[in-house]
Structure formats: C-alpha cells, structure tokens
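Observations on the three-dimensional arrangement
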Amino acid sequence: MAQQNLDCLGEACPVPLIRTQKALAGLVVGDVLVVEIDHSCAMKNIPEWAGKEGHNFEIEEVADGQWEIVIEKTH
Amino acid sequence: MAEPTPQSASVFAAVRANDTFKALLVNPWTYVTGAVVLAMFNSALLASTGKAWGVTTSFAYWGAWAWEALGGNPRSWLYFNEVKPAFLKLSFFTDPGTLINLGVIVGALLACLLAGQFKIKRLKSNRQIVAAILGGLLMGFGARLAFGCNIGSLFSAIPSMSLHGWVFMPFMFCGAFLGSRLLVKYFM
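Here we summarise the structure given alongside this text. The structure presented is a predicted model; accordingly, all values stated were derived computationally and were not measured.

A separate point is unusual backbone geometry. Negative phi values dominate among residues other than glycine, just as trans dominates among peptide bonds. Pro14 of chain A follows Cys13 of chain A through a cis peptide bond whose omega is 0°. Of note, Pro14 of chain A is situated in the loop between strand 1 (3–7) and helix 1 (15–25).

Attention now moves to the pairing of strand 2 (residues 32–37) of chain A. Residues and elements named next belong to chain A. Of all six residues making up strand 2, six are buried, and the element is well covered by its neighbours. Alternating residues of strand 2 divide into Val32, Val34 and Glu36 and Leu33, Val35 and Ile37, and every residue in both groups is buried. Summarising the sheet, strand 1 and strand 2 pair through five bridges and their orientation is parallel. Paired with Gln3 across the two strands is Val32, which belongs to strand 2. Handedness of the crossover is the feature at issue here: the chain leaves strand 1, passes through helix 1, returns alongside strand 2, and the resulting connection is right-handed.

Right, let's get into the packing of aromatic side chains. Residues and elements named next belong to chain B. Counted under the stated rule, the structure contains 12 aromatic pairs over all chains. Ring plane angle 55° and centroid distance 6.1 Å describe the contact between Tyr61 and Phe80, whose orientation is recorded as tilted. Here Tyr61, found in helix 4 (residues 56–69), pairs with Phe80, found in helix 5 (residues 78–83); they are 19 residues apart in sequence, far enough to count as distant. Following the ring pairs from residue to residue traces out a cluster consisting of Phe59, Tyr61, Trp62, Trp65, Trp77, Tyr79, Phe80, Phe87, Phe92 and Phe93.

Definitions and limits used
- Residues numbered from 1 in each chain as written.
- Chains lettered and ligands numbered in written order.
- Predicted model: local features only at pLDDT ≥ 70, side-chain atom pairs only at ≥ 80, totals over all residues.
- Heavy atoms only, no water.
- Helix = DSSP H or I, 4+ residues; strand = E, 2+ residues; numbered from the N terminus.
- Buried < 20%, exposed > 50% of the residue type's maximum accessible area, 1.4 Å probe, protein only.
- Pairing = 2+ DSSP bridges.
- Right-handed = clockwise from strand over helix to strand, strands pointing away.
- Phe/Tyr/Trp six-rings, centres within 6.5 Å; stacked < 30°, edge-to-face > 60°.

Scope: geometric values only; no functional claims are made or implied.
Right under this line is the structure:
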C-alpha cells in the first residue's frame, strides 16, 4: 500500500482532474493518492469523478481555500 | 490592522459552522439553484437596462478607451460606428456592461471571502502564463468575431428566442473540444 502526492496547487479546471485521472491509473489497487488543490471547482469535480468510478475518497480543508483530496484506488 | 482577538475569531468560526450560512455561502449551490438565480437576475437586468446580460462587448470598449488614452482614435473605427454605435455615447461609468463586469469581480471576491476560501495562488510555470495569455487572446478575439461570448451569445440569446444562440452553441462546443485538446497536449 503506497501513498503518492499530487501537487495541483495553482492549477485550474480541468487540469487537476485530468492529472488525478492519469496519476490514479498508474497506481495499483489499495494505493492512496493525495491530491492538493486550491481551485474550488476541482473540489467538486474530482470527488464527483472518484465517486462515479467507485473509489473511496475524503476531502479535507487544510487552509483557507486549500484542500486535500485523499483517494484510495479500489479497482 | 488589529489582530483578531480570540473572541472575534471564535465568533467567526461559529458563524461559519452554522448550517444555514454553510448552505448559502460556503458549499456550492446545485446547478438548478444557480440556473434559477441567474435567470431571475438576467430578467431583472433586461427589465432595468433594456439589454440582456453580456460581458465581452464592454471588454472591447475598455480596450478602445485604453487606446484612446494612449492617443489613438477608436471613434473613427468602422466597428464602433456601424456595429456598436452605442460606444460613441458611453463612458466607463455610464456603460451598464462595464458596471456589471465590475460587479461580477467584486461579487466573486465577496463570495470567496465569505466562504473563507480566499487565497492568492502562485503561478506554477511560465507555460501556465503562456497558456493563460494565449487562451485569453483566442477567447477575446473569438468573442468579437461572434459578437458575443457564451453569456451574450448563448445564455442571453436562447431565452430571448433568438436563433443565433442555437447557431453559437455547436460551434462553442467545437471550440471547447479543440481548446481542451490543445491544453492537454501542450500545456499539461
């Protein structure tokens, strides 16, 4: 079970979502991806996509206007 | 500026934790809520100014005013005489479109501050700067060729029962498709 960080700070839609999709594709089942974002629309579309794909995820507000989305690859 | 006292900080934290405050000002609204509110505001705008919402025509005015300030003579241009003669009678503070654009910027800042999500973002790379400038130029130029952006030529056009909104829509999707391909290929 490995953990990988993905720095998407300063990036706007749709870049964080596409980078998340690519990064998750390179992981194996059980691995965890931590995506750092500061674009509020990515806070909506990344979890939406992860939920649709059936991965486990959690959002945490780490500072004003900055979030971490933790995604566990389930399949 | 005075540091916030622990008491005022806790008051703000309590307000932010309030469910009504959260639902209205922190969490994103649903698309339907947003659509209904936008439709109501656009109707109010049409009733009060006689024109539905548009954004980019005023950008052309801003550019022309800047050019005029530098000594140019945009008032002689065909575009402002034949396409947008309204420009000749307007100034920065009497153009409703300009005031609405400023309102959008101030409103977005206010919404961001109230949600506690204001943050100055860093520029990640020179490539990001090039992408932003290129994208802005393409969108601005395209919006002038089409006599409007997705607001004036789509959002305001279709409810006005104008055919041009329906013509604009498929071509806007073509542009968005090409633009995202370019973004993924060269700027990621």
